Structures are given as structure tokens and as C-alpha cells.
Amino acid sequence: MNLNIPRSIILVFFISLLYWIYLALTTSMNISCDAIGYEELGRSLQSKGFFYYIQHGPSREPLYPMLISLSMHLESLSGLAYTKIMAFFGVITLMISQGLLYGILRILNIRTGICVGVLIYFGLSPALLNTAFSLYSEITTLPIILGIILTSHYLWIHLHNNRLKYAYIASVLLGLLLASAALMKAVFEVAAPVFFLILFIILAKNITTQKRIHFLLCSTLALSMFYIPVTTYKWLNYKLNGNYVITNRGSWA
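Scoring rules and cut-offs
Residues numbered from 1 in each chain as written. Predicted model: local features only at pLDDT ≥ 70, side-chain atom pairs only at ≥ 80, totals over all residues. Heavy atoms only, no water. Helix = DSSP H or I, 4+ residues; strand = E, 2+ residues; numbered from the N terminus. Rg over C-alpha atoms; globule rule 2.2 N^0.38 Å. Buried < 20%, exposed > 50% of the residue type's maximum accessible area, 1.4 Å probe, protein only. Contact = heavy atoms within 4.5 Å. Core = buried A, V, L, I, M, F, W, Y, C linked by side-chain atoms within 4.5 Å. Salt bridge = Lys/Arg side-chain N within 4 Å of Asp/Glu carboxyl O. Phe/Tyr/Trp six-rings, centres within 6.5 Å; stacked < 30°, edge-to-face > 60°. Lys NZ or Arg CZ within 6 Å of the ring centre and 35° of its normal.

1. Re the overall build of the chain
Across its full length, the chain carries eleven helices and zero strands. Reading the secondary structure of the chain in the N-to-C direction produces α-α-α-α-α-α-α-α-α-α-α. Over its C-alpha trace the chain gives a radius of gyration of 20 Å, about what one expects of a compact globule, namely 18 Å for 253 residues. In terms of overall dimensions, the chain has C-alpha extents of about 55 × 50 × 30 Å along its principal axes. Per-residue burial for the chain yields a buried fraction of 44% across its 253 residues. Long-range contacts, defined as pairs at least 24 residues apart, comprise 73% of the intrachain contacts of the chain with a sequence gap of at least 6.

2. Side note on the nonpolar core
Counting residues in hydrophobic clusters, the biggest one holds 68 residues, and the most contacted among them are I68, L94, F133, L135, L155, L159 and F226. The leading source of residues in this core is helix α9 (residues 164-184), at eleven residues. Those residues within four positions of F226 in sequence are excluded, and the remaining contacts are G175, L178, A179, A182, F188, E189, A192 and F196.

3. Regarding the pattern of salt bridges
All told, the structure shown has two salt bridges when counted by the stated rule. Notably, a salt bridge pairs E138 with K185, separated by 3.3 Å at the nearest N-O pair. Taken together, the positions of E138 in helix α8 (residues 138-160) and K185 in the loop between α9 and α10 (187-205) put the pair 47 residues apart, joining distant regions of the chain. Note on K185: relative accessible area 14%, which makes it buried. The partner of E189 in a salt bridge is K234, and the shortest N-O contact between them spans 2.5 Å. Taken as a pair, E189 in helix α10 and K234 in helix α11 (residues 212-241) lie far apart in primary sequence, 45 residues in all.

4. As for the side chain of K234
The exposure class of K234 is buried, given its relative accessible area of 12%. Beyond its immediate sequence surroundings of up to four residues, K234 is in contact with E189, N243, Y244, V245 and I246.

5. Focus: the packing of aromatic side chains
Under the criterion given, the structure shown has ten aromatic pairs. Here Y38 and Y64 contribute two aromatic rings whose centre-to-centre distance is 5.1 Å and whose plane-to-plane angle is 85°, an arrangement assigned as edge-to-face. With Y38 in helix α2 (residues 34-48) and Y64 in helix α4 (residues 63-78), this residue pair connects regions lying 26 residues apart in the sequence. Grouping residues by exposure puts Y38 and Y64 together as buried. Connected via pairs of aromatic rings, a cluster forms that spans F196, F200, F215, F226 and Y227. Directly above the aromatic system of Y38 lies the positively charged group of R60, at a separation of 4.8 Å from the ring centroid.

So this is what it looks like as C-alpha cells:
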């Protein structure tokens with residue numbers, strides 16, 4: 001992909017970043033409803049550790065409470081309120097997501113004017129800003145989802161162009177991204193196999209016979225990188241609290 005970024009896009013990135021930093025500095029993070037539960041889990045992880053968190057579970061998906069726990073550790077070191085640290089994590093997440101979104105738009109050959117409009121909407125979206133500057137876990141899935149889309153694209157490109165080393169790297173990254181998504185939101189434990197199935201069917205139909213072995217290796221790598229961490233976490237839950245699940249929110253999750 002051509003990295004020559006138009007000035008109008010750079011300006012949108014810059015203005016968006018300034019606005020997000022302003023919100024991070026001035027907005028009081030909303031701690032209510034689900035956010036209270038996340039705060040308690042983060043505090044538990046910070047004070048009592050990961051195995052205590054699992055032993056007294058199953059709790060919610062682990063990655064977002066671990067991010068809150070990290071913010072609380074940084075609070076004890078810096079004196080800055082952990083909610084402000086989380087707000088700046090929100091800024092970083094929005095920056096990464098906006099960059100990934102622009103990458104997808106470029107791959108789709110969307111005209112610069114439309115890209116500008118989409119990126120401005122992204123930067124000002126009340127729904128995204130609310131999740132970024134409240135203690136809600138949804139915002140952290142956004143760059144992961146966009147990363148999954150981009151990685152799937154490059155996996156196909158590398159296989160198609162016989163860049164096998166990069167295809168294997170993309171396969172590993174794809175599996176890890178989907179595993180991260182599942183450990184952030186358990187619904188991805190169900191969605192990921194469906195996504196893999198659709199992706200692999202598309203790839204298998206469009207791959208030459210000579211590349212079938214590499215396609216199978218890529219598939220194995222991606223599936224392994226997804227199931228190893230997800231299954232390990234579920235096994236730890238089963239071993240320590242008797243529940244072979246990711247989260248306490250039931251099989252519907």
C-alpha cells in the first residue's frame with residue numbers, strides 16, 4: 001500500500017488527536033453500571049494477582065480488567081489518577097483505530113474526499129468517544145477488529161504472490177488477534193471459527209494446487225494461535241474454579 005498520505009488526511013489525524021487529548025484532560029470518566037464491575041476486577045487483579053482473579057471466578061473476560069490493573073499500577077507509581085491513565089489509553093486506541101481504518105479505506109481505493117469525511121465522523125462519533133472515555137471494554141475491541149480485517153487481506157495477498165514467510169507471519173498474527181478479541185469479548189469465541197471457515201473456503205477456492213500445502217500450514221498456524229491461548233485460559237478456569245469458560249456471563253456470551 002502506498003504510504004503517501006494526503007495533507008488533508010494528516011490534518012484530520014492531527015485535529016482528531018488534539019480533540020481527543022482535550023477530552024482526556026477535561027472529561028471525568030463515567031464509573032457506573034458495568035464500569036463499576038470492571039473497576040472492582042481491576043482492583044482485585046492489582047492487589048491480589050491473576051490466580052486469585054481466576055480462583056474466585058469465572059469473572060468477566062480478562063484482558064480489559066488487566067488493562068485497568070496496569071493503569072492502577074501506573075497510578076501508584078505516578079500519582080496520576082488511573083481513570084486519567086485509562087483516558088489516555090483511550091486516546092491511543094482511537095489513534096491506532098483511525099490509522100487502521102484509513103488503511104482499509106486506501107486498500108478499497110476510496111477517494112480522498114470521502115476518506116476525510118469518514119475519518120472526521122470517526123473522530124467525532126459520540127458512540128466511540130463515550131466508550132473511549134468511559135470505563136467500558138468495547139473500545140479496546142475496535143483496533144483488534146480492524147486489525148483482523150487488514151491481516152486477513154494481507155494473508156491473501158502474501159499467499160497469492162508467493163511471499164510465504166509473510167503469509168505465515170500474517171497467519172500467526174490473525175490467530176492471536178482473534179484470540180485477543182475472544183479474551184476481550186467472549187462472543188468472538190463463537191464468531192472466530194465461523195470467520196475462519198469463511199476465510200479458508202474463500203482462500204481454498206482461489207489458491208493454486210502448488211500452494212495448497214502452504215495454505216494448510218497457514219490455516220494450522222492461525223487456528224493454533226487462536227485456540228492455544230483461549231483453551232489455556234478456559235482450562236485455568238476449570239482447574240481453579242471448576243468452570244470451563246472464558247467468562248461468567250453464560251454460554252450465550
